[in-house]
Every structure is written in structure tokens, then in C-alpha cells.
Amino acid sequence: MSFSESQPVPFVDLSLQHQPLQSDILAAMQAVLHQGDYILGQAVADFEQQFATLCQTAYAVGVGSGTDAIALGLQACGIGAGDEVLLPVNTFIATLIGILQVGATPVFVDCEPETALIDLAAAKQAITARTRAIVPVHLYGQMVSPSALLQLAAQHNLIIFEDAAQAHGAEREGYRAGSVGLAAAFSFYPSKNLGAMGDGGIVVTQQSLIAQTVRSLRNYGATRKYVHTDPGGTNSRLDTLQAAVLKAKLPSLTQWNRDRNQLAALYDRRLQSLSAEGIVPIRNDCDAGHVYHLYVVRLLPHCPIDRTVLQLELSRHDIQSGIHYPVPCHLQPAFQSLGYQPGAFPVAEHLSQQILSLPLYPGLTEAQLHRVMDVIAALLAAAKQPYPL
Ligand SMILES: Cc1ncc(COP(=O)(O)O)c(C=O)c1O
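Residues numbered from 1 in each chain as written. Predicted model: local features only at pLDDT ≥ 70, side-chain atom pairs only at ≥ 80, totals over all residues.

**Q** What is the right way to read the sheet that holds strand β12 (residues 279-281) from this model?
**A** Within a sheet, neighbouring strands are paired by backbone hydrogen bonds and run either parallel or antiparallel to one another. Pairing is antiparallel in the open sheet, where three strands are placed in the order β12-β13-β14. Lying at the two open borders of the sheet, with one neighbouring strand each, are β12 and β14 (355-358). The mean angle between the axes of side-by-side strands here comes to 35 degrees, regardless of whether they run parallel or antiparallel. Pairing analysis gives four bridges linking strand β13 (residues 295-299) to β14, with the strands arranged antiparallel. Bridge pairing in β14 places Val296 opposite Ser357. (Pairing = 2+ DSSP bridges. Helix = DSSP H or I, 4+ residues; strand = E, 2+ residues; numbered from the N terminus. Axes fitted to C-alpha atoms, helices over the stretch in contact; angles between N-to-C directions.)

Encoded structure:
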């Protein structure tokens, strides 16, 4: 398909992934219909095994969503009331919700301005005698440094629980996302690098006991039918139908991630000439291991254009953009009772005013990407023009 000058550039276009796989996806769904094993069926077991292999972990347990994967995973790691858990303040709200669901005390940490990843020096400062765990978020598809995390955790006897909801297949320092900590959570929200056709999530771990506990927790705390051994149990299973879809899509993930990385490199190249004017990408410290769930730029204070104006200009050209995330967690109205004030996390607060996510997904054409960058470059050029007398 060729895109004309005026063709819209959506923020995400899932049909581009699904169209080439349509017959595989439909066949997988039909197999479930035929077998009728809608709850914890064969496709769930198959997909769990394949996803564990991807993550280089021994086990994977499919659950109802990424949020549940965080909550049930933390619970299985023994985190609960009275435990302090460190998390970055600039994450999707679900990281916080998962921690609150197990009754633990969330302790926010600021981020690094260039990568937007959790600032591990700040995390170290936030450690108290009650700190049990750290939940690093591999934000935008870029992993937090495994060696730095493991060192911090070893020094302070912390459990690492990775929020890898945005980092399927990401790599850094020889580690796959999900394999660094005691356990990790992924989301299969449709627009994720690997997405279902509805909600879904998974917990991965190297430990058989943790996997076993999540299996019980997701299924009413039952270790056997009608034998409920765990009072913390709930109903949160990955649907067989969703697992079948995910299984059909999984073989394409590596190529999709590669495509994302290459498109990001093209954005980077185009942005090089604009860096003096204050538009810079979030820094990639992982090279090809960055799976670019999102491509995010920063408009630095000396940038002559305002972010809202830029978004409006893009939208005037039928180009969608986003902000991930416009309000750091500690300033969300629902969580004022946690007692944090504006100014508590200056880097994340400034970043939330500077960031803009540009369209990036497998199937985005180079022509579309150039169109996005042409609009940005033209606006910058216009902003530099002296006012007419
Ligand atoms: C960083 C992060 N954590 C957790 C989640 C929660 O996943 P879900 O929407 O599947 O509950 C998401 C995505 O939505 C996310 O981006």
C-alpha cells in the first residue's frame, strides 16, 4: 500500500500486523472453538511455554491483564502489607495499582532525564529498613541496566520484580526482559509489542514455587479443583482464545521489534539536525536491544516551539501523537493520600512537560515517518523566522 502526502498517520495501526497473519489467527481461534477448552486450555499451556522461552525464564503463567500480573506476581514473591516497594514515579499507573493491590507501601523514585528510566542512585537513597522490593519499569521498551539493578538488590537484600509490560523481547547486557529479577510482569494489551485481541498478561519467573503460587492465585487460590489453599486467590486467567491469538503472533515478534528499532534509528537520524534546536530523542542505552514500544522525544527548554502547538500542527496534518505520561503518578488525584507534593520529583515532573511520543509501529512506512519529521522540521523553521515588521 502506498501512502499519499495527505494520508493520515495514526499513532498505532494494528491492522498492519493482523492482516498478514489473519489466516493463522483465524485458524488458531477456530481450533479453540473446535476444542471448546475456553478456560486454561491447551493454547494457554503452549503459549506459556513459548513465552517463557522468549524471556529465557523457566516458567510463565498467563493471567487476566498486566496489572494482575504485577499484583499476583508480587503476592507470589511474598510482598505484602508492611513492605516498602520502590517504583519509578513516571510509569503507567498500573505499576502503582499492582503494588497497592497487595497492600504494600509504594515508594516513588525519580527518573534519569535522558533515558526516563528509574534513577537507581535515587532509589538507593529511598531505601529504608522496610524496603523489600524494587519494581523497575523497562519504560518505552528499554531495559533498566540489569547489572546495576542486581548490584543494588544484592547490596540491600531487595527483591527485583520487573514491570516489563512495555518490553517484550527487549535485551540489555545479555539479559532478556523478565529474566533479571525474581519474577516479572508483562501485559498483552492490544497495542503492546505483543498484544492480544483484548486484555491479557503473564508472570515469568525462574522459580517453580513462584510459578506454582501464581497458578493457584489466578484460579481462586486452588491447587486442585475445589481445594482452595490460598486465601489471596482470585479469578484472573489468560483466556484460551487470547492465548491462541498470542501464539499465532509470537513468531513475528522478533521481526516486529527489529522493525521498530530500525524505524527509531531513522527518527534518530532525522532528529540529529534538530538537536541544536532542542528536540532530542530519549537516549537509547541498549542499541538493538531496545524494542521501542514507544518512540519518545523531548522538547528541551530552549526549543522554540511549544509542545501543544506541535501536537496541534501534527494533528492538522492528520498525524497522531501522544504523551506517556502527562501526569506523574504522585500527582494523580486518586493518590493524593500517599502524601507526595508537587516538586517532590523534579526530573519526572519536568519530563512530563517535555515529552512527546511519535507514531512508531511495525508497518509504519519510511515515507510516513519522513512526513512526520517534515512537519516538525517545517514548524521549527517557521518558529525561527523573525517576526515581520
Ligand atoms: C508499564 C506498564 N505497566 C503495567 C501495565 C498494565 O497492563 P494492563 O493494561 O494489561 O493491565 C501497562 C500497560 O497498560 C504498562 O504500560
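**Q** Could you clarify how one ought to interpret helix α2 (residues 42-55) in this entry?
**A** For the α-helix, the turn length of 3.6 residues means that residues three or four positions removed from each other point alike. Under the 1.5 Å per step criterion, the end-to-end length of α2 is 20 Å for 14 residues, consistent within 8% with the ideal 20 Å. All of the buried residues in α2 are Ala43, Val44, Phe47, Glu48, Phe51, Ala52, Leu54 and Cys55. Down the axis, α2 shows its buried residues gathered within 160 degrees of arc, on one side only. Against α1 (15-35), β1 (59-63), β7 (175-176), β9 (201-205) and α8 (240-249) lie the buried residues of α2. Looking one or two residues beyond α2, the residue adopting positive phi is Gln56, at roughly 60 degrees. (Expected span 1.5 Å × (residues − 1). Buried ≥ 20, exposed ≤ 12 C-beta atoms within 10 Å, placed from the backbone. Arc of directions from axis to C-beta. Contact = placed C-beta atoms within 7 Å.)

**Q** I keep staring at the domain arrangement of the protein chain and nothing clicks. Help me out?
**A** In many analyses, interface size is given as the accessible surface area lost on bringing the parts together. Under the domain assignment used here, the protein chain contains domain 1 (15-251) and domain 2 (253-384). Centre-to-centre separation of domain 1 and domain 2, based on C-alpha positions: 25 Å. Contact with domain 1, which involves 31 residues of that partner, is made by 32 residues of domain 2. Looking at the side of domain 1 that touches domain 2, the elements that each hand over two or more residues are α1, α4 (93-101), β3 (105-109) and β6 (171-172). Of the residues that constitute the side of domain 1 that touches domain 2, the class distribution is 16 nonpolar, ten polar and five charged. (Domains from an automatic or database assignment. Nonpolar A, V, L, I, M, F, W, Y, C, P; charged D, E, K, R; others polar.)

**Q** Would you explain the sheet that holds β9 in this entry?
**A** Strand order across the open sheet formed by seven strands is β1-β9-β8-β5-β4-β2-β3, with mixed pairing between neighbours. One side of each edge strand has no neighbouring strand; the edge strands of this open sheet are β1 and β3. Taken pair by pair, the neighbouring strands of this sheet meet at an average axis angle of 25 degrees, ignoring direction. Of the pairings in the sheet, the one linking β1 to β9 comprises five bridges and is antiparallel in character. In the sheet register, Gly62 faces β9, and the bridge partner there is Ile202. Contacts between α2 and the sheet are confined to β1 and β9, with β1 contributing the most and set at about 130 degrees to the helix. The strands that helix α7 (residues 208-217) touches are β1, β8 (183-187) and β9; relative to β1, the one it contacts most, it runs at about 15 degrees.

**Q** Help me understand the nonpolar core, please; the structure alone is not making it clear to me.
**A** Taken as a class, soluble globular proteins show a tendency for nonpolar side chains to be buried jointly. Ile202 and Val203 are the most contacted members of the largest nonpolar core, which has 110 residues in total. Broken down by element, the residue count for this core peaks at seven residues, all from α2. Non-local contacts of Ile202, meaning those with residues more than four positions away in its chain, are made with Phe51, Ala60, Val61, Gly62, Val63, Ala69, Phe186 and Leu238. (Core = buried A, V, L, I, M, F, W, Y, C linked by C-beta atoms within 7 Å.)

**Q** I keep staring at the site of the ligand and nothing clicks. Help me out?
**A** Taken together, 15 residues form the shell around the ligand, and within it Gly66, Thr67, Ala94, Ala165 and Ser187 come nearest. Of all elements in the fold, only α3 (66-76) and α4 reach the threshold of two or more residues within the shell around the ligand. Class assignment of the residues belonging to the shell around the ligand gives a composition of five nonpolar, eight polar and two charged. (Near = placed C-beta within 6 Å.)

**Q** Would you take a moment to explain the environment of Ala129 for this structure?
**A** Looking at the element boundaries, Ala129 is found in the loop between α5 (120-125) and β4 (131-134). Note on Ala129: 5 C-beta atoms within 10 Å, which makes it exposed. For the pair Ala129 and Val109, spaced 20 residues apart in sequence, the C-alpha to C-alpha distance is 16 Å.

**Q** For this particular structure, what's the right way to read the packing of helix α10 (residues 307-316) against helix α12 (residues 366-384)?
**A** Each pair of packed helices can be described by the angle between their axes along with the distance between the axes. Look at α10 against α12: their axes get within 10 Å of each other, and the N-to-C directions meet at 130 degrees. Regarding the angle of α10 to α12, the classification is oblique. Our pair here, α10 against α12, has a crossing hand that is right-handed. On α12, the residues that touch Leu310, Glu313 and Leu314 of α10 are Val375, Ile376 and Leu379. Per-class residue counts for the contact of α10 with α12 are five nonpolar, no polar and one charged. (Parallel < 35°, antiparallel > 145°, perpendicular 65-115°, else oblique. Left-handed = near helix turned anticlockwise from the far one by under 90°.)

**Q** I would appreciate a short explanation of the packing of α2 against α8 in the present structure.
**A** Interaxial distance between α2 and α8 falls to 8 Å at its minimum, and their mutual angle equals 45 degrees. Judged by the angle between their axes, α2 and α8 are oblique. Crossing of α2 over α8 shows left-handed handedness. Between α2, through Ala43, Val44, Asp46, Phe47 and Gln50, and α8, the contact on the second element is made entirely by Thr240, Ala243, Ala244, Leu246 and Lys247. Grouping the amino acids of the contact of α2 with α8 by side-chain chemistry returns six nonpolar, two polar and two charged.

**Q** Where do I start with the pairing of β1 in this structure?
**A** Each regular strand carries side chains that alternate between the two faces of the sheet. β1 sits mainly inside the fold: five of its five residues count as buried. Judged by which residues are buried, β1 turns out to be covered on both faces: Tyr59, Val61 and Val63 on one side and Ala60 and Gly62 on the other are all buried.

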